[in-house]
Amino acid sequence: MSAARGYSEERLGVAAADGHLSQTAGRLGAVLPWASLALMLIFTGTAFHLVKSDSEALALERFEFRKAEIVEDIGARMDAYTQALLGGLGLFNASEEVTREEWRRYTETLSLNEIYPGIQGIGYSEWVRPEERAAYEAAVREEGFPEFSIRPAGERPLYSSITFLEPFDERNRQAFGYDMYSQETRRPALGVRYIRNP
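The model shown is predicted, which means the values in this text are computed figures rather than measured ones.

**Re the pattern of salt bridges**
Part 1 of the reasoning: For the structure shown, the criterion picks out 11 salt bridges.
Part 2 of the reasoning: Between Glu101 and Arg105 there is a salt bridge, and its shortest N-O distance comes to 3.8 Å. Of this pair, Glu101 and Arg105 both sit in helix α2 (residues 100-109), four residues apart, which is roughly one turn of the helix.
Part 3 of the reasoning: Exposure remark for Glu101: the relative accessible area of 36% places this residue in the partly exposed category.
Part 4 of the reasoning: Where Glu137 meets Arg133, a salt bridge forms, and the shortest distance between an N and an O atom there is 3.1 Å. In this pair, Glu137 and Arg133 both sit in helix α4 (residues 133-142), four residues apart, roughly one turn of the helix.
Part 5 of the reasoning: The class for Arg133 is buried, based on a relative accessible area of 14%.
Part 6 of the reasoning: Residues joined in a network through salt bridges with shared partners are Glu101, Arg104, Arg105 and Glu108.

**Some thoughts on α4**
Part 1 of the reasoning: Among the residues of α4, those classed as buried are Arg133, Tyr136, Glu137 and Val140. Down the axis of α4, the buried side of the element spans an arc of 95°, and every buried residue falls inside it. More than 90 degrees from the buried face of α4, the exposed residues found are Ala134, Ala135 and Glu142.
Part 2 of the reasoning: Where the residues of α4 are buried, they touch α2, β1 (122-128) and β2 (159-166).
Part 3 of the reasoning: Immediately downstream of α4, the backbone of Gly144 shows phi near 110°, a positive value.

**Points about the nonpolar core**
Part 1 of the reasoning: Residues Tyr81, Ala84, Val98, Trp103, Tyr106, Leu110, Leu112, Tyr116, Ile119, Ile122 and Phe164 constitute the largest nonpolar core, which totals 11 residues.
Part 2 of the reasoning: Mapped by element, the contributors of at least two residues to this core are α1 (2-93) and α2.
Part 3 of the reasoning: Discounting chain neighbours no more than four positions away, the residues touching Tyr116 are Ala80, Tyr81, Ala84, Leu110 and Ser111.
Part 4 of the reasoning: Within the second largest apolar cluster, eight residues are counted, among which are Phe148, Ile150, Tyr159 and Phe176.

Rules and cut-offs
Residues numbered from 1 in each chain as written. Predicted model: local features only at pLDDT ≥ 70, side-chain atom pairs only at ≥ 80, totals over all residues. Heavy atoms only, no water. Salt bridge = Lys/Arg side-chain N within 4 Å of Asp/Glu carboxyl O. Helix = DSSP H or I, 4+ residues; strand = E, 2+ residues; numbered from the N terminus. Buried < 20%, exposed > 50% of the residue type's maximum accessible area, 1.4 Å probe, protein only. Arc of directions from axis to C-beta. Contact = heavy atoms within 4.5 Å. Core = buried A, V, L, I, M, F, W, Y, C linked by side-chain atoms within 4.5 Å.

Following this line, the structure appears as structure tokens:
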């Protein structure tokens, strides 16, 4: 009986050990999926953060590159526009008197629409003192513009009338005779301070 008893106790010990292992395995089986989930979430969050940081850095780099290209393009276009205006200045410096027809031919050779996209027109504005206004308007009217007058109407200490403007299409005709000096926001571009009547 003692052999049978020992055998049973031994079996009971194995059974107890198996029960303990089963319990441990059960606990581990319950914890392992949660631990795996936690590790996967940490890994996913870290990967997301790294990819997001790289994507933002790449997007910022592309933005800065494109911005530099645009700034360079605008600078080049402004340089080209300046050259067109300097050419007009050269025409006036090389001539005793530039006529409307000469100005038209000059601007035609520029091929504005093809070479200078964005320019609505190239003009010449003349400074006119109040005492010269009547004679100036009469001279322009004699060129075939019977309704010409400096606009807007009104007395001012100085006028800057648009005399030539090409192409002389419908849109630009509306600016013909306009006194740019009458508009305070344009005065700095004209490079002259406003003169007040004494």
